[in-house]
Amino acid sequence: MSNSQSAAVAGSSNQQIDSLPSPESYRPVMWEIVFSQDCNLRCRYCVTGYGRMGGTAKFMLPEVWKPLSERILQMSAGRKTVLLDFGIGETFLHFDEAMRFLDYLRERASGTEMKIEARITTNGTLVTRKQLQTCLEKNISLIFSIDGPAALHDRYRIAADGKTTHRRALGNFKLYRSMVTGVANGPSCTVSSVVAGDARLQDVSRFWRKLGVQQYKAIPVDRSRHVGCFPQQELMAIRNQYMDDLKQVAFAEAERLKGQELSQNYVGPMGILTSWMSMLKSSPCRSCGAGYSVMCVDANGALYPCQGFVGFPQYSIGSVSEGLIPEKLAHFRAARTQAEKACSSCWARFLCAVGCVAADPRKGIALDTETGCEIAKAHVEVAVNSFQMWSAHRKPNEEAKPQA
């Protein structure tokens, strides 16, 4: 990354801050909860350093999650729906404690108009049937991290004792999917796959299609700040192959659909569908919300603009005990605005959620224009061209329908 790309750094003394934002200007609709900074797996490409983000194992205690509940009610006041997104570490390591937090917050919110929704990303290896039943009763959506077929998954997603994990993870995914099926307004059960090494997106897509998984998340492996797995040159080769595969998958799906309604009939990676729906509704993709509508809280109670900065205390913008620090929030927003100026002239900006400014916090708040932006533009190009193929068969009077 060049010096110009990393010039906008939060907290820089020479940064111009015209005015300090009021705490009321930050009303999160999503709280990223790092309840457990630990994991029972040792995935060879883990971008979170086994959930610990470069530190030691820890989890959120009552002296943190109780005041956090008050912060959520205070800062998100006026929001009709607030999402708690549990991730980074394996929440099921401390499932009972996490449920006590969720129950406490929902009870505190019961006298307001705020609805508390919950979602947990899990590797799926620790969950029990009883815990899945609890998730169902509490209407908790689960995202299972499974890299497609066993041969691909077990190559990288191994347990701390070296054992493979695919069979148990997939079994628990199937179990929860069967439990939520047919439940009116029930929680969702989805999957997220990382495409790494010599794995091919077509193999992952074929696997999920065979199992009846209509829409899923699929991403190429990213560089890890904590675990050395792939050198940069190999990472780029993997990403280039992924984009070639994504093009084939997207065009094949556009040809299969031939103008059919998208949200209910599309089968494939969610990234393509999201772009297609944005074009269908003639609306730009939304910003990631970091520093505006998204807030992240680590296990110690430190507040961050998003989970990408966890483990870098210099980017903390407050704590659950002290609250939001306007000066730090102002520095972050100014740095983000400065970093995103390059987006104003980018042809792909309306179908890009604006590049991630947490690509490498060690080098500041900056866009990864060297690799991240190029991949984003390649994704947009695939989405636009495949959408044109689909829309060529679209009925002239067909109206855009909301995404499910």
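One can find the structure itself at the top, above this paragraph.
Residues numbered from 1 in each chain as written. Predicted model: local features only at pLDDT ≥ 70, side-chain atom pairs only at ≥ 80, totals over all residues. Heavy atoms only, no water.

(A) Structural context of the pairing of strand β1 (residues 30-33). Burial of the side chains of β1 extends over both faces: M30 and E32 are buried on one face and W31 and I33 on the other. Strand direction decides the pairing type here: β1 and strand β4 (residues 81-86), joined by 4 bridges, are parallel. Looking at the pairing, W31 lines up with L84 of β4. Here 4 bridges tie β1 to strand β10 (residues 294-297), and the two strands are oriented parallel to one another. Paired with M30 across the strands is V294, a residue of β10. (Buried < 20%, exposed > 50% of the residue type's maximum accessible area, 1.4 Å probe, protein only. Helix = DSSP H or I, 4+ residues; strand = E, 2+ residues; numbered from the N terminus. Pairing = 2+ DSSP bridges.)

(B) How the structure looks around the packing of helix α7 (residues 232-257) against helix α11 (residues 372-391). Where α7 meets α11, the axes come as close as 8 Å, and the angle between the chain directions of the two elements is 15°. Comparing their axes, α11 and α7 come out roughly parallel. Classified by chirality, the crossing of α11 by α7 is right-handed. Where α7 approaches α11, its residues R239, M243, L246, K247, A250, F251, A254, E255 and L257 are matched on the opposing element by I375, A378, H379, V382, N385, S386, M389 and W390. In the contact of α7 with α11, the residues fall into 11 nonpolar, 3 polar and 3 charged. (Axes fitted to C-alpha atoms, helices over the stretch in contact; angles between N-to-C directions. Parallel < 35°, antiparallel > 145°, perpendicular 65-115°, else oblique. Left-handed = near helix turned anticlockwise from the far one by under 90°. Contact = heavy atoms within 4.5 Å. Nonpolar A, V, L, I, M, F, W, Y, C, P; charged D, E, K, R; others polar.)

(C) Representation of the packing of aromatic side chains within the structure. Counted under the stated rule, the structure contains 14 aromatic pairs. Here Y45 and Y156 contribute two aromatic rings whose centre-to-centre distance is 5.7 Å and whose plane-to-plane angle is 45°, an arrangement assigned as tilted. Placement of Y45 in the loop between β2 (36-37) and β3 (58-59) and of Y156 in helix α4 (residues 150-156) is noted, with a sequence separation of 111 residues between them. By relative accessible area, Y45 is classed as buried at 6%. Between the NZ or CZ atom of R42 and the centre of the ring of Y50, over which it lies, the distance is 4.7 Å. The lysine or arginine in question, R333, covers the ring of Y26, its NZ or CZ lying 5.6 Å from the ring centre. (Phe/Tyr/Trp six-rings, centres within 6.5 Å; stacked < 30°, edge-to-face > 60°. Lys NZ or Arg CZ within 6 Å of the ring centre and 35° of its normal.)

(D) Quick peek at the state of the cysteines. Taken as a whole and assessed by the stated rule, the structure comprises 0 disulfides. Here C39 stays unpaired: no disulfide links it, and the sulfur of C43, its closest cysteine neighbor, is 6.1 Å away. Free cysteine C306: the closest other cysteine sulfur is in C356, separated by 5.9 Å. (Disulfide = S-S within 2.5 Å.)

(E) Here's a closer look at helix α9 (residues 270-280). When you tally the buried positions in α9, you get 8 out of 11 residues, the bulk of the element. Among the residues of α9, those classed as buried are I272, L273, S275, W276, M277, S278, M279 and L280. S282, located one to two residues past α9, shows a positive phi value of around 55°.

(F) Molecular detail of the pattern of salt bridges. Within the structure shown, the criterion is met by 18 salt bridges. Between R206 and D203 there is a salt bridge; the shortest N-O distance is 2.9 Å. With a gap of 3 residues between them, R206 and D203 both fall in helix α6 (residues 201-210), about one helical turn apart. We classify D203 as partly exposed; its relative accessible area is 31%. (Salt bridge = Lys/Arg side-chain N within 4 Å of Asp/Glu carboxyl O.)

(G) Fine view of the sheet that holds strand β12 (residues 318-319). The strand order across the open sheet formed by 11 strands is β9-β8-β7-β6-β5-β4-β1-β10-β11-β12-β13, and the pairing between neighbours is mixed. Of all strands in the sheet, those bounded by a partner on one side alone are β9 (268-269) and β13 (323-324).

(H) The side chain of R239, seen in detail. Relative to the assigned elements, R239 resides in helix α7. With a relative accessible area of 9%, R239 lands in the buried category. Beyond its immediate chain neighbours, meaning those up to four positions away, R239 contacts P220, V221, D222, R223, T371 and I375.

(I) Representation of the nonpolar core in the model. Core analysis: the biggest nonpolar cluster contains 83 residues, and W31, L84, F101, Y176, W208 and W276 have the highest contact counts within it. L84 has contacts with W31, I33, I72, F101, L102, L105, I116, E117, A118 and R119, leaving out every residue within four places of it along the chain. Formed by 21 residues, the second largest nonpolar core is a distinct cluster that contains I88, Y304, L367 and C373. (Core = buried A, V, L, I, M, F, W, Y, C linked by side-chain atoms within 4.5 Å.)

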